[in-house]
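# Report on the structure
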Amino acid sequence: MNSALRKSPCPPMSDEAWPAEIADLRAGFAGALNVYRTMAHHSALLKAWAPLRQHIVNDSALGAVRSELVILRAAHCMGSAYEWAHHVSRARALGIPDTRIRAMRGMPDGEDGLIAQAVDALFDEQRLPLHILTALQATIGKEAIFDLMATVGFYSVLGFILMTFDTPIDEYVARELEQNPA
């Protein structure tokens, strides 16, 4: 059943119900997206999440484009429609063409393929095999490897939350993808 047709057992928090102890987060990233409005049901977790989110989303050694490719592959591996939709939108905003975005559902060539193999290995083997680790080291460097693993972990947790609670895709992203599917 389409998650848009089901009622979430833990719907995104409204402004009126927003917890006072994380009022400062509502005006920023947390109030902007349904995923964080869902996490607001556990205010201590959302507050602890904020610094790691800052690093993963804004300060990663992967850079914006590689980060989006990692997230797209992780969303694909998990089957997280919310993360896929949101990161198609973000990837497009970065100028990543739809052909490259769609390729992350298969096995792309070059560096994108290496990223896909790395994400797949983390899901399938819970580690990076030596041949992938060596190739990544030569291509993106050690800090970016750590950030790749942290990004997969970060978005896996978000995927668990989103899929468990049937968090609806934010309306502006749903409209974008309805008008221009990926």
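Heads up: the structure comes first, above all this text.
Calculation notes
Residues numbered from 1 in each chain as written. Predicted model: local features only at pLDDT ≥ 70, side-chain atom pairs only at ≥ 80, totals over all residues. Heavy atoms only, no water. Helix = DSSP H or I, 4+ residues; strand = E, 2+ residues; numbered from the N terminus. Rg over C-alpha atoms; globule rule 2.2 N^0.38 Å. Buried < 20%, exposed > 50% of the residue type's maximum accessible area, 1.4 Å probe, protein only. Areas by Shrake-Rupley, 256 points an atom, 1.4 Å probe, with all protein chains shown as cover. Lys, Arg positive; Asp, Glu negative; His and termini not counted. Charge placed at Lys NZ, Arg CZ, Asp CG, Glu CD. Axes fitted to C-alpha atoms, helices over the stretch in contact; angles between N-to-C directions. Parallel < 35°, antiparallel > 145°, perpendicular 65-115°, else oblique. Left-handed = near helix turned anticlockwise from the far one by under 90°. Contact = heavy atoms within 4.5 Å. Nonpolar A, V, L, I, M, F, W, Y, C, P; charged D, E, K, R; others polar. Salt bridge = Lys/Arg side-chain N within 4 Å of Asp/Glu carboxyl O. Core = buried A, V, L, I, M, F, W, Y, C linked by side-chain atoms within 4.5 Å. Phe/Tyr/Trp six-rings, centres within 6.5 Å; stacked < 30°, edge-to-face > 60°.

Turning to the overall build of the protein, a few remarks are in order. The secondary structure content of the protein amounts to 11 helices and 0 strands. In the protein, the succession of α and β elements from N to C terminus is α-α-α-α-α-α-α-α-α-α-α. Taking 2.2 N^0.38 as the reference for a compact globule, 182 residues should give roughly 16 Å; the C-alpha atoms of the protein span a radius of gyration of 17 Å, in line with that estimate. For the protein, the spread of C-alpha atoms along the three principal axes comes to 50 × 35 × 30 Å. Classification of the 182 residues of the protein by burial places 48% in the buried group. With the model as given, the accessible surface of the protein reaches about 9200 Å², and the carbon-plus-sulfur share is 56%. Each charge class in the protein can be summarised by its mean position, and for the 16 positive and 21 negative side chains these summaries are 1 Å apart.

The next point concerns the packing of helix 8 (residues 110-125) against helix 10 (residues 142-164). The N-to-C vectors of helix 8 and helix 10 enclose an angle of 55 degrees; their axes lie 10 Å apart at closest approach. Here helix 8 is positioned oblique relative to helix 10, judged by the angle of their axes. For the pair helix 8 and helix 10, the crossing hand works out as right-handed. Only Leu-148, Met-149, Val-152 and Ser-156 of helix 10 make contact with helix 8, whose side of the interface consists of Ala-118, Val-119, Leu-122 and Phe-123. Classifying every residue of the contact of helix 8 with helix 10 by side-chain character gives 7 nonpolar, 1 polar and no charged.

What follows is about the pattern of salt bridges. Summed over the entire model, instances satisfying the criterion amount to 9 salt bridges. Here Arg-175 makes a salt bridge to Glu-171, at a shortest N to O gap of 3.8 Å. A residue pair is termed a helical-turn pair when its members lie 3 or 4 positions apart in one helix, as Arg-175 and Glu-171 do in helix 11 (residues 171-179) at 4 residues. Judged by its relative accessible area of 61%, Glu-171 falls in the exposed class. Connected through salt bridges with shared partners, the residues Asp-15, Arg-26 and Arg-37 form a single ionic network.

Turning our attention to the nonpolar core. Formed by 30 residues in total, the largest nonpolar core has its most connected members in Leu-136 and Leu-148. At the level of secondary structure, the elements contributing two or more residues to this core comprise helix 5 (63-78), helix 6 (81-93), helix 8, helix 9 (130-139), helix 10 and helix 11. Broken down by element, this core gets its largest block of residues, 7 residues, from helix 8. Residue contacts for Leu-136: discarding those within four places in its chain leaves Leu-114, Ala-118, Leu-128, Gly-141, Ile-145 and Leu-148. In terms of nonpolar packing, the next biggest core, distinct from the first, is built from 23 residues, Trp-18, Met-39, Leu-46 and Val-57 among them.

Applying the stated criterion across every chain, the model contains 3 aromatic pairs. Aromatic side chains Phe-29 and Tyr-36 sit 4.9 Å apart centroid to centroid with 85 degrees between the ring planes, which places their arrangement in the edge-to-face category. Taking 5.0 Å as the distance between ring centres and 65 degrees as the angle between the ring planes, the aromatic pair formed by Phe-154 and Tyr-155 counts as edge-to-face. As far as burial versus exposure is concerned, Phe-154 and Tyr-155 are alike and both buried. One aromatic cluster is present, formed by Trp-49, Phe-154 and Tyr-155 through successive ring pairs.

It is worth spelling out the packing of helix 8 against helix 9 at this point. Two numbers describe how helix 8 lies on helix 9: the axes approach to 10 Å, and their chain directions differ by 135 degrees. Comparing their axes, helix 9 and helix 8 come out oblique. As helix 8 runs across helix 9, the sense of the crossing is left-handed. Contacts from Glu-111, Leu-114, Gln-117, Ala-118 and Ala-121 of helix 8 reach helix 9 at Ile-132, Ala-135, Leu-136 and Thr-139. Its residues assigned to classes, the contact of helix 8 with helix 9 shows 6 nonpolar, 2 polar and 1 charged.

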